[in-house]
Structures are given as structure tokens and as C-alpha cells.
Amino acid sequence: MAKKKVYIGVGHGGKDPGAVAYGRKEKDMALDIAKATRDELIRHGVIVMLSRESDVSENLAARIKECNAFAPDIAADIHLNAGKGDGAEVYHSKADTSDDILAKNILDEMTKIGQNSRGLKVKLLNDGRDYFGFVRQIKCDSVLVECAFIDNKTDVKIVDTLAERRTMGKAIAWGILKTLG
């Protein structure tokens, strides 16, 4: 049996910090979470590619092209939210319902470590297509994971230390592993 492959997109990077609050930057926190996800998947025999391994700028179109060329079984893009909300949410495709199970499995594992659930989400453009390019243009089951709200003093506590970000990354990995079987 061929080894399973997973692509992990890491939100923002380089000149783009993503969401910023309380001295924290999304690009740094997302990288820690993504590396922990990668390490846990590798520990279970999965072949993993990260979109970035350090604080470098990324182009979404190039990331999508890289992911599709890698031809993974699953892809997940890791982010932190802003807007003073509370909890995690996982965006999946309206057009392709096969990624619904992946989204549910990841969110379920995130709630097991104590994170609140904002639910499974679909975000659409005015023309009805999926809003997020990572969800819309990736050729395998793909989701965009919002782990916590960086600008909510209570919610960010679930990922405010490196150990907690590693726990969050492992939870995402467990949701992916459950989906892979």
C-alpha cells in the first residue's frame, strides 16, 4: 500500500504577518502549529510537505501550484482568526462535499483539547464559488483551519505557548489521520 501524502499550508509569512494582537503574529503561531502537525503525521508514516519551514513570504498561487504538483491525499491550510470571536472553525468546499469528513474530524479533535467549536463553515464568492483559493483550487480534499482568535484574550490562551501550539498541531494531525484511516 502506498504511503499517504498530506500538504500543510502555513498561513501568511515574511512581510505578511497575518492577524496581529497582543504582541503575537499569526504567521509565527501558524508555523509552530503546522510544524507540530507535520511531526505528528510523519510519526505515523505519512509523507508531508509544508508550504514553508521559516518566516518567508508566500504567494497563494504558487502554494496552490506546489500543492497540486505534490499530489497529496489531503491538504490543510493553517491559520489563526481575528475579529474578537471565540473558538475554532474549519472551512470546506461547498462544491465538493468529500472534504466535509476531513473538516469534521479536524474540528472534533480540536474540541477534544478544549477549544470551542464555531462549526464547519463554507464561505462563498458572489458568483457562488468557494471564497478561499486553497479550498477552491486544490485538487484533493482540502480545508482551511482557523485555530483560535488571536485578538481574543481568552480564546488565544489555548495557543499562547509553544507547548499549546504543539498540542493544537497534534489535534489537527489526529483529525487528518482519522480521515486517512
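Residues numbered from 1 in each chain as written. Predicted model: local features only at pLDDT ≥ 70, side-chain atom pairs only at ≥ 80, totals over all residues. Heavy atoms only, no water.

(A) Quick look at helix 2 (residues 60–70). Every buried residue of helix 2 is accounted for by Arg63, Ile64, Cys67 and Phe70. Viewed along the axis of helix 2, the buried residues span an arc of 125°, placing them on a single side of the element. Looking at helix 2, the residues exposed on the side facing more than 90 degrees away from the buried face are Ala61, Lys65 and Ala69. Tucked inside the fold, the buried residues of helix 2 contact strand 1 (5–10), strand 4 (47–50), strand 5 (74–81) and helix 4 (133–137). Near the N-terminus of helix 2, the side chain that reaches the backbone nitrogen of alanine 61, with its oxygen 2.8 Å away, is that of asparagine 59. Following helix 2 by one or two positions, alanine 71 has its phi on the positive side, about 55°. (Buried < 20%, exposed > 50% of the residue type's maximum accessible area, 1.4 Å probe, protein only. Helix = DSSP H or I, 4+ residues; strand = E, 2+ residues; numbered from the N terminus. Arc of directions from axis to C-beta. Contact = heavy atoms within 4.5 Å. Polar contact = N/O pair within 3.5 Å; in protein donor to acceptor, adjacent residues only side chain to side chain.)

(B) Looking closely at the pairing of strand 6 (residues 88–91). With burial as the criterion, each face of strand 6 is covered, one bearing Ala88 and Val90 and the other bearing Glu89 and Tyr91. As paired strands, strand 6 and strand 7 (residues 117–121) are joined by four bridges and run parallel to one another. Bridging from a neighbouring strand, glutamate 89 pairs with glycine 119 of strand 7. Note: strand 6 against strand 8 (residues 141–149), three bridges, orientation antiparallel. Its bridge partner being in strand 8, valine 90 is matched across the sheet by valine 145. (Pairing = 2+ DSSP bridges.)

(C) Main features of the sheet that holds strand 1. With mixed pairing, the six strands of this open sheet are ordered in space as 4-1-5-8-6-7. Strands with a single pairing partner mark the edges of an open sheet, and in this sheet they are strand 4 and strand 7. Direction aside, neighbouring strands of the sheet carry axes that sit 15° apart on average. As judged from the seven bridges shared by strand 5 and strand 8, these two strands associate in the parallel manner. Paired with histidine 79 across the strands is glutamate 146, a residue of strand 8. Together, strand 1, strand 4, strand 5 and strand 8 form the strand contacts of helix 1 (residues 26–43), whose direction differs from that of strand 5 by roughly 145°. (Axes fitted to C-alpha atoms, helices over the stretch in contact; angles between N-to-C directions.)

(D) Structural view of the nonpolar core. Membership of the largest hydrophobic core comes to 40 residues, with the highest contact counts inside it found for Ile8, Leu41, Ile106, Met110, Val159, Ile172 and Ile176. When residues in this core are grouped by element, the largest group, seven residues, is from helix 5 (residues 162–180). Residues contacting isoleucine 172, with those up to four places away along its chain left out, are Ile33, Thr37, Ile78, Ile106, Met110, Val145 and Cys147. Within the second largest apolar cluster, eight residues are counted, among which are Ala75, Phe134, Ile138 and Cys140. (Core = buried A, V, L, I, M, F, W, Y, C linked by side-chain atoms within 4.5 Å.)

(E) Quick look at unusual backbone geometry. Its identity is not glycine, yet histidine 12 carries a phi of approximately 65°, on the positive side. Mapping histidine 12 onto the fold places it in the loop between strand 1 and strand 2 (20–21). Look at alanine 71: it is not a glycine, yet its phi comes out positive at around 55°. Within the secondary structure, alanine 71 sits in the loop between helix 2 and strand 5.

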